[in-house]
Amino acid sequence: MSGGVDSSVCAALLVEQGYDVIGLTMQLYDHGAATSKSKTCCAGQDIHDAKRVADKVGIPHYVLDYEKRFEKDVIIPFAESYQRGETPIPCILCNQTVKFRDLIDAARDFGAEALATGHYIRRAEDEEAVSLHRAVDQSKDQSYFLFATTPEQLAFVRFPLGEISKAETRVLAEKFDLDIADKADSQDICFVPTGSYTNIVDKFGSGAASQGRFVHVDGHDMGEHNGIENYTVGQRRGLGLGGEAEPLYVIEIRLADHEVVVGPRADLAKHEIEVRDVNWLGAPGGVPETEMRIQARVRNTHEPVSALISQGAGAGQAKVSFDEPLYGVSPGQACVFYDGDQVLGGGWIMAGGTNMTVPHNKRNEGVAGLQA
Amino acid sequence: MAIPDDRIYLDYNATAPVYPEVVDVVSSALRDLGNASSVHAEGRSVRGTIEDARDSVSNLIGLPSQSITFTSGGTEANTTVIRGLLDSGAVSNVYCSAVEHPSVLEYTDPQHQIPVDEDGQLDLGKLEDVLKQHNAPFLLCVMLTNNETGVIQPVREASDLVHERGGLVLCDAVQGPGKLAVDFNSLGADFLTFSAHKIGGPQGVGCFATNTDVALEPVLIGGGQEKKRRSGTENAAGIAGYGAAARITAEKSDVERVGKLRDRMEAALLEARPDVCIFGQNGSRISNTTNIAIPGISSERQLIKLDLAGFSVSAGSACSSGKVSTSHVLLAMGASEDMAQSAIRISIGVGTSWHDLEKFVAVWATL
């Protein structure tokens, strides 16, 4: 229970359905420290909201102190990922570690038969297997963030909100007379309330100097940049590079020599990528050896696009070839596999991949398959 | 605040169940109209209620009633004395034992916190060493008995050492009354602080007691109540309830029965799980408290599972969020981080029976 509308309604629904419910809230970081107010309580308003809701619906509620493991499993990898020139998604790491490893462990220890969360995603079960599907409310679908849920975890978790829309959730919050019915959805990364992640990278990263040069794709040097962790593939704003005929984007971040490669948008086009640490939720046997037709999604804000998947170069890896080239594919982000609404799993995008080859003189003519 | 039938309450050091007589006294006092500072009949009547309570509270600790200043509780009492002495210039430095309550600890620098030994008792040798290097007027804060472990501190000896060097002593005696005899004069401290809800009185009321006339700069200023030491309209109903709880506590002692129960429970706990550790067991403890660690099982897990099974215990000092933090008291006693993080406190009292503890031991053994 985060103290937000979704998990609150989830708890109230389960109570209404007659389940014996225990409310759990994870204390993930020191709220006072995160907002630089040392005299502020370690818990934010959200924990108090969660307690109020639990009290209202008449269930016991406990706060689990996961500060240390959240720092180890989420915040530090987040900082280190930026330092590798990647664009991390801490919410997925959090789901993978503290939420679906430690919280499930705690729930089992407390005698629970299932762990329910307020995620918008569906779970289906038949005699043979448990499967994961996109939410009924496609605009709220959180499947991108949950691709790493393993079959074992999936057997234990439940997502009651996957079947309803966010609007219906708000109506239910009103119906249950929950104080948080009008509470705004959270937007930012929870432990970066100010939206500035560079402080976190400075504080929790390795501290290694990462300044280097901007290099144009055509090879010419474009001056110094102030550290690779400040850039993300596909970024256009805030580069401080002018004087070019067309807008410049970050095309690639070369970790070894701290180079940030910039170029025109056309150079962002990716045709094929390799993903690592694949979690496979499709038919038994893992990622197929021969190419299989799927839809792939490389950002939460993108719609899945048609692609082919097959086993990758190394263990736990897969190769994903897009029918049409994709723009703004960032190493460190997730690539999630779908078959229609069913989630087949996903993996983490690795650096490299194959750029689409477009003759230089044709580059400004536009490319099919542009993504927003 | 009665204990529900389906629960077994073993957290008396957090707060004790209110005596039914106290509920009646508070309820009756709430019905009485009047502000104790008013000249009229109603005001005089409320004044009388407050002064009767002051007599009862002072009687419990063997001091004349004018020695008592009512506050909103133990924390405010500690704050009023410490900050009052600092602000008046009566003292310029504050020392304390490393196992004090946060309302005291927060006033001191780590180098001014005197260590305790592995049994949890203030190290008098270290205290002497620290005081030797000291000249300016100072205050030492040492609690009568620790809220987490029940370990009784050598307040008399510490007070004598401090007084030899011209310092003052504040003794946080919040966990004392009802668990051991508290006699102001034999303790030797200059200030004692108390809280009503630890002895079956209402929450939100407490006091400090002193026999000195050292200047205290008031923290709360305004109407000049409590001889200008604590302004603000008195919590008359709460104070009346405190008086009633003090009378009951003075009249009936349950210390011996409680001590036998606790010792029997500890024997049963150790028999069920020989690998556990009871903190402060070799030292001098009050008779109602057990602090016990099960290595490898976090306090958090133990508390939650016991709560779900119907037992109320606690660990460390809970943050307002409900997050269970590692006990600074156990760390100060030399416990490892792991051990300190796997300890819980069981504190019993007048309402506890062997039947309750038998059930508790049975469930605890399965954690």
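Residues numbered from 1 in each chain as written. Chains lettered and ligands numbered in written order. Predicted model: local features only at pLDDT ≥ 70, side-chain atom pairs only at ≥ 80, totals over all residues.

Moving on, we get to the overall build of chain B. Of the regular secondary structure elements, chain B holds 13 helices and twelve strands. Taking the principal axes of its C-alpha atoms as reference, chain B extends roughly 65 × 55 × 35 Å. Sorting the 367 residues of chain B into buried and exposed places 51% on the buried side. At a minimum sequence separation of 6, the contacts of chain B that also span at least 24 residues come to 70%. (Helix = DSSP H or I, 4+ residues; strand = E, 2+ residues; numbered from the N terminus. Buried ≥ 20, exposed ≤ 12 C-beta atoms within 10 Å, placed from the backbone. Contact = placed C-beta atoms within 7 Å.)

Turning next to the overall build of chain A. Helices and strands together make up the secondary structure of chain A, namely eight helices and 17 strands. The C-alpha radius of gyration computed for chain A amounts to 22 Å, which stays within 12% of the reference 21 Å derived for 372 residues, consistent with globular compactness. Seen along its three principal axes, the alpha-carbon backbone of chain A occupies a region of about 65 × 55 × 35 Å. Each of the 372 residues in chain A was classed as buried or not, and the buried ones make up 43%. Once local pairs closer than 6 in sequence are excluded, the contacts in chain A between residues at least 24 apart make up 65%. (Rg over C-alpha atoms; globule rule 2.2 N^0.38 Å.)

Residues and elements named next belong to chain B. In terms of domain boundaries, chain B breaks down into domain 1 (8-17 + 253-364) and domain 2 (20-251). Using only C-alpha atoms to locate each centre, domain 1 and domain 2 end up separated by 26 Å. Each side of the interface is counted separately: domain 1 has 23 residues, and domain 2 has 25 residues. If you list the elements that add at least two residues to the side of domain 1 that touches domain 2, you get strand S10 (289-293) and helix H11 (328-332). Considering only residue class, the side of domain 1 that touches domain 2 consists of eight nonpolar, 13 polar and two charged. (Domains from an automatic or database assignment. Nonpolar A, V, L, I, M, F, W, Y, C, P; charged D, E, K, R; others polar.)

Attention shifts here to the domain arrangement of chain A. All names here are of chain A. The domains assigned to chain A are domain 1 (5-182), domain 2 (209-266) and domain 3 (269-365). For domain 2 and domain 3, the distance between their C-alpha centres works out to 24 Å. The interface is formed by six residues belonging to domain 2 together with seven residues belonging to domain 3. Across the side of domain 2 that touches domain 3, the residue classes break down as three nonpolar, two polar and one charged.

Within the secondary structure layout, glycine 296 of chain B lies in the loop between S10 and helix H10 (299-308). Here the alpha-carbon distance between glycine 296 of chain B and aspartate 338 of chain B, two residues 42 residues apart in the chain, equals 7.3 Å.

Another point: the packing of helix H4 (residues 67-83) of chain A against helix H5 (residues 90-109) of chain A. Residue and element names in this part refer to chain A. Close contact between H4 and H5 brings their axes to 9 Å; oriented N to C, the two are set at 160 degrees. As summarised for this structure, H4 and H5 are arranged roughly antiparallel, according to the angle between their axes. Note that H4 runs across H5; the crossing there is right-handed. Side by side, H4 and H5 meet where Arg69, Phe70, Asp73, Val74, Pro77 and Phe78 of the first sit next to Pro90, Leu93, Cys94, Thr97, Val98 and Asp102 of the second. Classifying every residue of the contact of H4 with H5 gives eight nonpolar, one polar and three charged. (Axes fitted to C-alpha atoms, helices over the stretch in contact; angles between N-to-C directions. Parallel < 35°, antiparallel > 145°, perpendicular 65-115°, else oblique. Left-handed = near helix turned anticlockwise from the far one by under 90°.)

Residues and elements named next belong to chain A. Reading across the sheet, the four strands line up as S8-S7-S10-S9 and stay open at both edges, with mixed pairing between neighbours. Of all strands in the sheet, those with a lone pairing partner are strand S8 (221-225) and strand S9 (249-254), marking the two edges. Recorded for the sheet is a direction-independent mean angle of 30 degrees between the axes of neighbouring strands. (Pairing = 2+ DSSP bridges.)

Another aspect to go through is the pairing of strand S16 (residues 342-349) of chain A. The two faces of the sheet receive side chains in turn, since in a regular strand these alternate between them. Residues and elements named next belong to chain A. A large share of S16 lies buried, amounting to seven of its eight residues. Of the pairings in the sheet, the one linking strand S11 (residues 270-280) to S16 comprises four bridges and is antiparallel in character. Each bridged residue has a counterpart across the sheet, and for asparagine 279 the counterpart in S16 is glycine 346. With six bridges connecting them, strand S15 (residues 334-339) and S16 associate as antiparallel partners. When the sheet's bridge partners are listed, valine 336 is paired in S16 with glycine 346. Where S15 hands over to S16, the hairpin turn is made up of two residues, of which glycine 340 adopts a positive phi near 65 degrees.

Before going further, it helps to spend a moment on the packing of helix H5 (residues 124-132) of chain B against helix H6 (residues 155-164) of chain B. Residue and element names in this part refer to chain B. At a closest axis distance of 10 Å, the pairing of H5 and H6 adopts a crossing angle of 15 degrees. It follows from the interaxial angle that H5 and H6 lie roughly parallel. Judged by the twist between their axes, the crossing of H5 over H6 is right-handed. In contact with Leu124, Leu127, Glu128 and Leu131 of H5, H6 contributes Glu157, Ala158, Leu161 and Val162. A per-class count over the contact of H5 with H6 returns six nonpolar, no polar and two charged.

What follows deals with the nonpolar core. Counting 199 residues, the largest nonpolar core has Leu139, Leu140, Val142, Cys171 and Leu192 of chain B as the members making the most contacts within it. The element contributing the most residues to this core is helix H8 (residues 236-251) of chain B, with eight residues. (Core = buried A, V, L, I, M, F, W, Y, C linked by C-beta atoms within 7 Å.)

Residues and elements named next belong to chain A. Summary statistics for chain A give a mean pLDDT of 88 and a share of 92% for residues scoring 70 or more. Across chain A, strand S3 (residues 115-116) holds the top mean pLDDT of 98, while helix H2 (residues 31-34) sits lowest at 65. A low-confidence stretch, residues 356-372 (pLDDT under 50), is modelled with 21 contacts involving residues beyond four sequence positions or located in other chains. (pLDDT = per-residue confidence, 0-100.)

The strand order across the open sheet built from three strands is S9-S10-S12 (chain B), with neighbouring strands paired in antiparallel fashion. Looking at strand neighbours, the two that pair on one side only are strand S9 (277-278) and strand S12 (343-347) of chain B, the edges of this open sheet.

Let's shift gears to helix H9 (residues 255-272) of chain B. One turn of the α-helix equals 3.6 residues, which is why residues spaced by three or four share an orientation. Residues and elements named next belong to chain B. When the terminal C-alpha atoms of H9 are compared, their 26 Å separation across 18 residues agrees well with the 26 Å that a helix rising 1.5 Å per residue should span. Within H9, the full set of buried residues consists of Val258, Leu261, Arg262, Met265 and Leu269. Axial view of H9: buried residues confined to an arc of 100 degrees, hence all on one face. For H9, exposure combined with an orientation more than 90 degrees from the buried face picks out Glu256, Lys260, Ala267 and Glu271. Buried residues along H9 sit against S10 and helix H13 (354-364). (Expected span 1.5 Å × (residues − 1). Arc of directions from axis to C-beta.)

Below, the discussion takes up the environment of leucine 261 of chain B. Residues and elements named next belong to chain B. Inspection of the secondary structure puts leucine 261 in helix H9. Overall, leucine 261 belongs to the buried group, with 20 C-beta atoms counted inside 10 Å. Separated by 92 residues in sequence, leucine 261 and serine 353 place their C-alpha atoms 7.6 Å apart. With residues near it in sequence (within four places) discarded, leucine 261 still touches Ile348, Thr352, Trp354 and Leu357.

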